[in-house]
Structures are given as structure tokens and as C-alpha cells.
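# Secondary and tertiary structure notes
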Amino acid sequence: MLLSPVASIKQANDQVKALKGDNPLIWPLLTLLQSSAKSWKVHHLAAELQQKGLMHDLDTSPEKDLFKRNFLLMNALYELQDMLLPKQWLQVQAMDIQLFRLVPSNADLLHHSDASLRDYYLDWGNYDTCSNVVKEMLDSFWSSYQEYIGLNHQLMHKGQALRVFELDESATDKQIRKQWRKLALKWHPDRDQGNAERFKQVCEAWQTLRDKSLVA
């Protein structure tokens, strides 16, 4: 049975979501944005991440490489924007990216006005590559990030990882993903009352759970 073009795209997107887990650029971006009150441009963020070994060449074509770098960064920024609300406001504009400790009074309006652009960058179907390439690329990013924050390369047992996430064996993939984001954001070392060791432990637990289940 042949799928319609729309159904085929949806199926491909679902496969990518299941394989990729979270965009690992979210966490180093949070570090960069909270390290300075200045406004950033997308290409400046890309240069900083490349210097840290967290941004690699993504395509042999310079034009496609530039597009894919931009897509990954914008995807991570919009993911982070939603995660930080309602306590902080992340302004996401290609030439003016800035993290504000106070949420502006018109944040809802600003968030709504960017809906179309945000939806575009949160749709992995627009990345223009196959799910296997996305998986390999993001796995490579995670390996680099593990070295960057000093993670233990030996995976936890699943039961131990679930305990770190304060969940039991009955936890669904959706609950695991939600708890991962909640705890990683809570313990990120650049957040107020963050804790580097707890953040590393949460990241290690996530590596186990994302390898042992398809977290959508």
C-alpha cells in the first residue's frame, strides 16, 4: 500500500523524532546565552560552538552546510525558548538572540508572532536529510558534548537511570522525555541554583534511556 506524500512525510518525521532524541545543542547554547547579557547573532553562536568542538561540517556543499548549521541552531533555540517559559524569555531572531531574566509583558504576543517560523524550524522534515544521517550526526554531537562536560562513557543500568529521573518501570516514553527536560533545565550548572554534578548525572541517565527506548 502506497502512502500519500503527506503521510510519507509524517512517517519520516516520526522516525526522525524517535531516533534523534533531543537536539544536544540546547545545553551548550544555554551556557553561552547565560554567560553574557549581550545579544548574539546566529553565526556568532555557530562559531563559538565550533571552537568548542560541538559544531561540525554537515554537508560537502558550502550552501547546504550553512543552511543545516542554521537549522540546527534555530531548532535548538526554539526548543529552549519553550523550555524556559514562563520564567525566562529567550528572544530568537537570527541577528538578535538574547536571554532575558525577566519575561516581557508582551511575551505571549511575541511568542505567537513567531509561530510560523518556530514551527518550520521545529519540523525535522525541513532539514533535508534522511533519518539515519540525523541520528549519526546527533550521536556525534552527543559524543563531543560528553567530552565537553566530562560524562562517564559507561551507560547506567536502566533501573538506575529511571531512579535518577524519579520514575519507575511503568514510565512512558513521553514521561521520560518530559522529565529529562525538566531535570536538565533545573540542574544545568549555568542556571540559578544549578548543580554541575547533578546535571552530569541526569545527562548520563538520559543517554541510557534514549539508547534503550525510542523516546518520541
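In this report, the structure presented in the accompanying data block is examined.

How each quantity is defined
Residues numbered from 1 in each chain as written. Predicted model: local features only at pLDDT ≥ 70, side-chain atom pairs only at ≥ 80, totals over all residues. Heavy atoms only, no water. Phe/Tyr/Trp six-rings, centres within 6.5 Å; stacked < 30°, edge-to-face > 60°. Helix = DSSP H or I, 4+ residues; strand = E, 2+ residues; numbered from the N terminus. Buried < 20%, exposed > 50% of the residue type's maximum accessible area, 1.4 Å probe, protein only. Lys NZ or Arg CZ within 6 Å of the ring centre and 35° of its normal. Axes fitted to C-alpha atoms, helices over the stretch in contact; angles between N-to-C directions. Parallel < 35°, antiparallel > 145°, perpendicular 65-115°, else oblique. Contact = heavy atoms within 4.5 Å. Nonpolar A, V, L, I, M, F, W, Y, C, P; charged D, E, K, R; others polar.

### Description of the packing of aromatic side chains
The geometry of an aromatic ring pair is captured by the separation of the ring centres together with the interplanar angle, meaning the angle of the planes. Under the criterion given, the structure shown has 11 aromatic pairs. Ring plane angle 5° and centroid distance 5.0 Å describe the contact between tryptophan 180 and tryptophan 206, whose orientation is recorded as stacked. One end of the pair, tryptophan 180, is in helix H9 (residues 173–187); the other, tryptophan 206, is in helix H10 (residues 196–212), and 26 residues separate them in sequence. Looking at tryptophan 206, the relative accessible area reads 0%, which means it is buried. Clustering of aromatic rings is evident, with ring pairs tying together Phe67, Phe71, Tyr78, Tyr120, Tyr121, Trp124 and Tyr127. Above the ring of tryptophan 40, the side-chain terminus of lysine 38 is found at 4.2 Å from the ring centroid.

### Looking at the packing of helix H3 (residues 42–51) against helix H4 (residues 62–84)
Closest axis-to-axis distance for the H3/H4 pair is 10 Å, and the angle between their directions is 95°. Of the possible angle classes, the one that applies to H3 and H4 is roughly perpendicular. Seen from H3, the contacting residues are Val42, Leu45, Ala46, Leu49 and Gln50; seen from H4, they are Arg69, Asn70, Leu73, Met74 and Leu77. When its residues are assigned to classes, the contact of H3 with H4 shows 7 nonpolar, 2 polar and 1 charged.

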